[in-house]
Amino acid sequence: MVKTLKKYKWPYLFICPYFILFLCFQLVPTVWTGVISFAEWDGLRQLKWVGLSNYAMMLKDYMFVDALRNTALYWVATAVGVLLCSMLIANMLHSKKLGAKRFFKTVTFLPYVCASVAMGLIFKMLFEENAGLINEIILSLGGQRIPWLTSSRWDRIPVIILHVWRLTPWYTLIVLSGLLNISPEYYEAATVDGANAFQQFFSITLPMLGNILFFCFVTVTVDSWKIFNESYVLAGPGSSNMSLFQLLYTSAFSTFKMGYASALGVVLILILLLISVVQFMVRRKQGEI
Amino acid sequence: MKRMLSLVLTLTMLLTLAAIAPAAAEQATTYPDGTVSIYCTGQPQFLQMYFDGWLERNRDIAPNVKIEMVQVETQAAGRQKISMDYLAGAYDDMPDAIYSDAVGIVDLASAGLLVDETEYYQAQASLFVDGAANDATIQGKVWGLPDSVRPQLLFYNAAIFEQYGIDPATMSTMEGYLEAGRQLKEKSNSEVYLSYVDPTTYTWRYWGRRGLMPQANARIWDEEGNVVIGSDEGAKLALTFLDTLNTEGLLYKTTMMSPPLYEATDNGQIATFYIGAFWDEFLRANLTATAGQWRAMSAPVFSEVGTAGAPVSNFLCVVNNGTNEYAGLIEKMWYDFHTDNESRKAWVNEMVEIGGAYSNPITLEMLADPFWQETAAFYGDTSFRKAEGDGLNNPSKNMTVTISDAEADTIISAEIEKYVAGEQTMEEAIANMDTELKNRIGQTQIP
């Protein structure tokens, strides 16, 4: 051990700053979260050990069930939406027929650089029941007003749209970089063999983007389980469109139940670990990694 | 003779020196250079204007002191920031004071984060209206200096009532208020709503906790701290009344303090607001088409109970951030704000000009000044200030505040929000909030 450290002292020294930061700001807080998940604590008064009661509370808490169900829905809808939209937009940006590519690339990236809370407030106005633009359009087309943000039947839709809209540009860039790495010779050969654009997409583009799309799926998964701003700003009735992260925040900083919030954090970590492990196992089974 | 004269002169000099000495010592008390940081919800920039002026007038004791009013979105957000700073040991980042309501005071005081103001306040208590510090008093100790005591009022658009031939005086009772809403709906072909209902937490806050609940003598907890909201007659009276207004289609559904609400109000679609006196500043700042048509009166009473709305008190609390070197200065600023009538009036006139926020005074001497009865063009040359003062007569008692109320509010509000969304009846909402409170809190401590 000491020998190895001596031998590779310079490489270890170079990666040291990252690991110090990781230790101080990620590992220690994570362990501490695990510890206080077994306690009742409001951050100010004496910490009181309560065993597993914070975890037991989750089973009785309908807000936790709502938040878990909503977050799972956001994950699936966002993953599908973001991957489809970014594939579509990246292919359009990659197309030889498209002019003014720089302009379109810049425009495509704009939603990602906008502050999510500010965009949430704009979406809130757009989806307002009585005076929002979306309902005005629906009315002009002969439809009825939809209570987008005031009914638990509809209130997840604006959240999903905003989240997909915000994340798509980033993943479009990643997919576009993948497309640029595919050699044009494959397409030339396919054209000579008489393959149409549809066949080329499914036989060349999609398989060649496999690892890129897998990376996107893993990161979209993490982003979606961490969703907070969108559902916080576009809050519906009660906990009907609340995310797990939002419940964690509310428990910690509105009602000051740090122990319960920590237990929620631990559950969130376990869910993300489980999903990631399953994803990697599937890819490994496919022989892709 | 000469010796006698010298003795008298010496004695006179000594006595004069003795008399001057304490004053000189007091004058010598200056506060260190720096910034006094105060957390405040609402629109603290207007309050800052007063305190900036006060500091300029008192440069002898605070030559290089600045004041920073930090806006916090909610009082819970203010508590959160203080708690986090305290937890992190970042005492320098903690504010020197916070404007807080009773819920915040219970929380912060029990954690030892507020300075005990009992001795200081009791020396001034006779200057203030009765019970001004009641909501900041826990087991005999005063944890906040009273800043405002604002009543629940009924704001109404007089032009709408005139147009449909309805006498606003009928709204002195809840029954009359409901009847006025029914008539407005009928006579306007459902164009005019009695009031509004908000799909978010504001419905519980303004219709419930600060409005109908204390007026109906409703309780969340009994004397032992057990949950009783599900069986309490007062809670049933309050929430059933809201249910009647809502199910009869008398409430316009929109978010509070948002452009669509102001637009609908200016279009004459919303006739009244049953809400705290603070709503005055929002009306003045956001309504133009209906300016001059608004009036304010005391909140309607439930005939079963007979009281006219619980006042909302706000307190200036000095934060225990280690060595709060500005505690004395904050007390002086607070004292002058409530006793320097001329400066206060000048500031209020400035607020009226710029559409800023201000509240009625709470000291007896200031309240006796006719200035606080003056009329305003926005209220059709009637006096809002007088209405605010009158609103404090016959007050309802505020609901008991416990350390669990921040969490209880979240639980109750979630059920009310689902009710407003049409996903459950009010009966179901009451039953659910009772069950959830019992599940998640159980029993609380009554201070």
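These numbers come from a predicted model, not from an experiment. (Residues numbered from 1 in each chain as written. Chains lettered and ligands numbered in written order. Predicted model: local features only at pLDDT ≥ 70, side-chain atom pairs only at ≥ 80, totals over all residues. Heavy atoms only, no water.)

Student: Go over the pairing of strand β6 (residues 145-150) of chain B, please, and point to the residues and values.
Tutor: Residues and elements named next belong to chain B. The buried fraction of β6 is high, at six of six residues. Relative to strand β12 (residues 312-318), β6 runs antiparallel, the two being bridged by five bridges. Within β12, the position partnered with Leu-145 by the bridge is Leu-316. (Buried < 20%, exposed > 50% of the residue type's maximum accessible area, 1.4 Å probe, protein only. Helix = DSSP H or I, 4+ residues; strand = E, 2+ residues; numbered from the N terminus. Pairing = 2+ DSSP bridges.)

Student: How would you explain the sheet that holds strand β2 (residues 65-71) of chain B if you had to name every residue and give the values?
Tutor: Residue and element names in this part refer to chain B. Here five strands make up an open sheet; going across it, the order is β2-β1-β3-β12-β6 and the pairing mixed. Across the chains shown, the open sheet's two edge strands, defined by having one partner strand only, are β2 and β6. Adjacent strand axes in the sheet meet at a mean angle of 15°, parallel and antiparallel pairs treated alike. (Axes fitted to C-alpha atoms, helices over the stretch in contact; angles between N-to-C directions.)

Student: Hey, could you go over the state of the cysteines for me, with residue numbers and the actual values?
Tutor: Where two cysteines share a covalent bond between their sulfur atoms, that bond is called a disulfide. Scanning the entire structure with this criterion turns up zero disulfides over all chains. Cysteine Cys-216 of chain A remains unbridged, with the sulfur of Cys-85 of chain A as its closest cysteine sulfur at 13 Å. (Disulfide = S-S within 2.5 Å.)

Student: So what about the confidence of the model for chain B? Which residues, and what values?
Tutor: Residue and element names in this part refer to chain B. Chain-level statistics for chain B give a pLDDT mean of 91 and a share of 94% at 70 or above. Taken element by element, chain B is modelled with least confidence in helix α1 (residues 2-28), mean pLDDT 54, and with most confidence in helix α6 (residues 158-163), mean pLDDT 98. Scored below 50 in pLDDT, residues 20-28 makes zero contacts in the model with residues more than four places away or belonging to other chains. For this predicted complex, the interface confidence score (ipTM) comes to 0.75, while the overall pTM stands at 0.81. (pLDDT = per-residue confidence, 0-100. Contact = heavy atoms within 4.5 Å.)

Student: Before we move on, can you summarise the nonpolar core with the specific residues and values?
Tutor: Residues and elements named next belong to chain B. Within the largest apolar cluster, 76 residues are counted, with the highest numbers of intra-cluster contacts made by Phe-155, Tyr-177, Phe-273 and Trp-279. Discounting residues that sit within four places of it in the chain, Tyr-177 has contacts with Leu-154, Thr-170, Met-171, Leu-194, Ser-195, Trp-207, Phe-241, Leu-245, Thr-272, Tyr-274 and Pro-300. Listed in part, the 42 residues of the second largest apolar core include Leu-47, Ile-67, Ala-327 and Met-366. (Core = buried A, V, L, I, M, F, W, Y, C linked by side-chain atoms within 4.5 Å.)

Student: I'd like a rundown of the packing of helix α13 (residues 244-253) of chain A against helix α14 (residues 258-285) of chain A, residues and numbers included.
Tutor: Residues and elements named next belong to chain A. Between α13 and α14, whose axes approach to 7 Å, the crossing angle comes to 160°. By the angle between their directions, the pair α13 and α14 is classed as roughly antiparallel. Our pair here, α13 against α14, has a crossing hand that is left-handed. On α14, the residues touching Leu-244, Phe-245, Leu-247, Leu-248, Ser-251, Ala-252 and Phe-253 of α13 are Met-258, Tyr-260, Ala-261, Leu-264, Gly-265, Leu-268 and Ile-271. Of the residues in the contact of α13 with α14, the class split is 12 nonpolar, two polar and no charged. (Parallel < 35°, antiparallel > 145°, perpendicular 65-115°, else oblique. Left-handed = near helix turned anticlockwise from the far one by under 90°. Nonpolar A, V, L, I, M, F, W, Y, C, P; charged D, E, K, R; others polar.)

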